[in-house]
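Chains, contacts and geometry: an overview
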Amino acid sequence: MGNGTSFTLYGGTICDNQAYASSNTTAQGGGVYIGSSSTFNMYGGKISNNRATVGSSGTGSNWGYGGGVYCAPNGTFNLLAGEITENQVRVDSNNGGAGLGGGVFNKGTFTMSGDSKISGNRIVSSSSENQYGGGVCNSKFNASFVMSGGEISGNYIDSWNGGPAYGGGVYSDDKFVFTGGTITNNRVCLLYTSPSPRDMRRS
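Report follows, based on the coordinates. (Residues numbered from 1 in each chain as written. Predicted model: local features only at pLDDT ≥ 70, side-chain atom pairs only at ≥ 80, totals over all residues. Heavy atoms only, no water.)

Points about the layout of surface pockets
- Space inside the largest pocket adds up to approximately 190 Å³.
- In this structure, the largest pocket is lined by W63, Y65, L100, F105, K107, Y132, C137, S139, K140, F141, Y171 and D173. (1 Å grid on protein atoms, 1.4 Å probe; cavity = no way out; pocket = protein on both sides within 12 Å on 5 of 7 lines; lining within 4 Å. Points joined across faces, edges and corners; volume = space filled by probe spheres on them.)

Structure below.
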């Protein structure tokens, strides 16, 4: 979504998409990118199995934001029902690179209510850089995440080279208001060995 636009999802699935970062680039929103002054209203359906990937040639300046959803400053996402599920930020480089928000990366305004879920999202990283928010990363600089219902569950971070990782379910660096719903069964796992090709395929 470009700047100053709107989109409403009542059903169906946004799936199997990828944003990719290599040399001196970032990957923003594997499934959905919401530009400044734009609004995405979700009343049903799924955003699933999308990726924001930092490739094996990535460095410390290559970051992956929002495997499922990236919401830019002054953008708005209203999650009223439906699921953001099984999305991934993947950092394949061991030369650096950070992952933020396996399911959602928010720099704008994100509201969550009703029968909605952010579940089964993940960050899988072989980098020694920091990783933030397996389910949700709510960024600094005037970002707002308001949760009055729904569920954030079963999200995780697997950091293979021992890079610090924060918030299996939610990492927030700005305004996070929680008045209802559940945040449950999320995790962070730090592993101090490099993954085998088999392990990375399974992740």
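Brief notes about the sheet that holds strand β21 (residues 156-159)
- Spatially, six strands are ordered β3-β8-β12-β16-β21-β26 in an open sheet, and the strand pairing comes out parallel. The two strands at the open ends of the sheet, each matched to only one other strand, are β3 (18-21) and β26 (187-190). Going from strand to strand, the sheet's axes swing by 5 degrees on average, the running direction of each strand aside.
- As paired strands, strand β16 (residues 122-125) and β21 are joined by four bridges and run parallel to one another. By the bridge assignment for β21, I123 is matched with I157. (Pairing = 2+ DSSP bridges. Helix = DSSP H or I, 4+ residues; strand = E, 2+ residues; numbered from the N terminus. Axes fitted to C-alpha atoms, helices over the stretch in contact; angles between N-to-C directions.)

Side note on the sheet that holds strand β23 (residues 170-172)
- One open sheet holds the five strands; their spatial order is β5-β10-β14-β18-β23, and the pairing between them is parallel. Both edges of this open sheet fall to β5 (32-34) and β23, since each of them pairs with a single strand only. Looking at each pair of strands side by side, their axes are set apart by 5 degrees on average, direction ignored.
- Pairing of strand β14 (residues 104-106) with strand β18 (residues 136-138), which is carried by three bridges, proceeds in the parallel orientation. If you follow V104 over to β18, its bridge partner there is V136.

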